[in-house]
Amino acid sequence: MENKKYDKEYATSFYDEVLYLRKHGIRYEWVYTNEHGVSVWKYKKTYSLWKTLAQMYETRKYDV
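The notes below deal with the structure included here. (Residues numbered from 1 in each chain as written. Predicted model: local features only at pLDDT ≥ 70, side-chain atom pairs only at ≥ 80, totals over all residues. Heavy atoms only, no water.)

Here we take up the side chain of Glu17. Relative to the helices and strands, Glu17 resides in helix H1 (residues 15–23). For Glu17, the side chain forms a polar contact with the side chain of Tyr57, separated by 2.6 Å. Those residues in contact with Glu17 that lie beyond four places of it in its chain are Tyr10, Thr12, Leu53, Met56 and Tyr57. (Helix = DSSP H or I, 4+ residues; strand = E, 2+ residues; numbered from the N terminus. Polar contact = N/O pair within 3.5 Å; in protein donor to acceptor, adjacent residues only side chain to side chain. Contact = heavy atoms within 4.5 Å.)

This is the structure in structure tokens:
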């Protein structure tokens, strides 16, 4: 089995998430551009992060 490391930060390149988290007072720890030129925002994994993301995805806009 391959030995994988645990990422201590949540990463997203979905700009709706970035804007929603910012609107709710959650700031990213750092941002970088990946090899495809896409910005990736990294957030510290916290209860408030997960709770806020859950609230975002409860909205009808994100129904699958």
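The next subject is the side chain of Lys42. Here Lys42 is to be found in strand S3 (residues 39–44). Setting aside its immediate chain neighbours within four residues, Lys42 contacts Asp7, Glu9, Tyr10, Ala11, Tyr28, Glu29, Trp30 and Tyr32.

Before going further, it helps to examine helix H2 (residues 47–58). Residue pairs three or four apart in sequence face the same way in an α-helix, which turns once every 3.6 residues. For H2, which comprises twelve residues, the first-to-last C-alpha distance of 17 Å matches the rise-based estimate of 16 Å (1.5 Å per residue) to within 8%. On the buried face of H2, the contacting elements are strand S1 (9–12), H1 and S3. (Expected span 1.5 Å × (residues − 1).)

Attention shifts here to the sheet that holds S3. Sheet strands pair by backbone hydrogen bonding; their relative direction is either parallel or antiparallel. On the basis of which strands lie adjacent, the open sheet formed by three strands has the order S1-S3-S2 and antiparallel pairing. If you trace the sheet from one side to the other, it starts and ends with S1 and strand S2 (30–33), each paired once. Within the sheet, the average angular offset between the axes of one strand and its neighbour, ignoring direction, is 25°. Direction of pairing for S1 relative to S3: antiparallel, over a ladder of four bridges. Within S3, the residue paired with Tyr10 across the bridge is Tyr43. (Pairing = 2+ DSSP bridges. Axes fitted to C-alpha atoms, helices over the stretch in contact; angles between N-to-C directions.)

In this section: the pairing of S2. Bridging between S2 and S3 involves four bridges; their strand directions are antiparallel. Paired with Val31 across the two strands is Trp41, which belongs to S3. Between S2 and S3, which pair antiparallel in sequence order, lie five residues; one of them, Gly37, sits at a positive phi of approximately 80°.

Let us now look at the packing of aromatic side chains. Following the criterion strictly, the structure yields five aromatic pairs and no others. Between Tyr10 and Trp50 the ring centres are 5.2 Å apart and the planes differ by 75°, which places this aromatic pair in the edge-to-face class. Pair noted here: Tyr10 is in strand S1 and Trp50 is in helix H2, with a separation of 40 residues, a long-range link. Ring-pair connections join several aromatic residues into one group, and the members of that group are Phe14, Tyr57 and Tyr62. (Phe/Tyr/Trp six-rings, centres within 6.5 Å; stacked < 30°, edge-to-face > 60°.)

On their own, these measurements won't tell you what the molecule is for.
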